[in-house]
Amino acid sequence: PARPVHDVALIAALTRRFRAEPPQIIVAHHVEGALVARAARRLARVQAPVIVHVHARFAEELPDWAPRAPAAPFRVAGAALDALSLARADGAIL
């Protein structure tokens, strides 16, 4: 449950870093990292490509974030985030 809070903090930190030192390329690990990297890139207004290195899929991981809730809706949401993240990436390492 604290992960979204950490993601927001990471987006803010990366945005500051990207503004101070614009990257030539951004390599993000995992789907969540890709979402964070793309948000920070957009906020910093830099043009560096985001390459996603996929280690696992949100469809498999997201149900673990709410172990007491039914897993199916989280799998569906995770699959949608997986597809969105990879579709919006500039490249992927699978």
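Look a little higher up for the structure.
Notes on the structure in this doc start here.

Conventions we followed
Residues numbered from 1 in each chain as written. Predicted model: local features only at pLDDT ≥ 70, side-chain atom pairs only at ≥ 80, totals over all residues. Heavy atoms only, no water. Buried < 20%, exposed > 50% of the residue type's maximum accessible area, 1.4 Å probe, protein only. Helix = DSSP H or I, 4+ residues; strand = E, 2+ residues; numbered from the N terminus. Pairing = 2+ DSSP bridges. Right-handed = clockwise from strand over helix to strand, strands pointing away. Salt bridge = Lys/Arg side-chain N within 4 Å of Asp/Glu carboxyl O.

What follows deals with the pairing of strand β1 (residues 26–29). Residues I26 and A28 of β1 are buried on one face, while the alternating residues V27 and H29, pointing to the opposite face, are not. In terms of strand pairing, β1 meets strand β2 (residues 50–53) through four bridges, oriented parallel. Paired with H29 across the two strands is H53, which belongs to β2. Handedness of the crossover joining β1 and β2 through helix α2 (residues 30–44) is recorded here as right-handed.

Moving on, we come to the environment of A69. Within the secondary structure, A69 sits in the loop between α3 (58–61) and α4 (71–88). C-alpha of A69 to C-alpha of H53: the two residues are 16 residues apart in sequence and 29 Å apart in space.

Now for the pattern of salt bridges. For the structure shown, the criterion picks out two salt bridges. Between R17 and E21 there is a salt bridge whose closest N-O contact spans 3.7 Å. What makes R17 partly exposed here is its relative accessible area of 49%. Ionic pairing is found between R41 and D90, a salt bridge with its closest N-O pair at 2.8 Å. Remark: D90 occurs in the loop between α4 and β3 (91–93) and R41 occurs in helix α2; sequence separation between them is 49 residues. You can call R41 buried: its relative accessible area is 17%. Overall, the relative accessible area of 47% leaves D90 in the partly exposed class.

Scope: geometric values only; no functional claims are made or implied.
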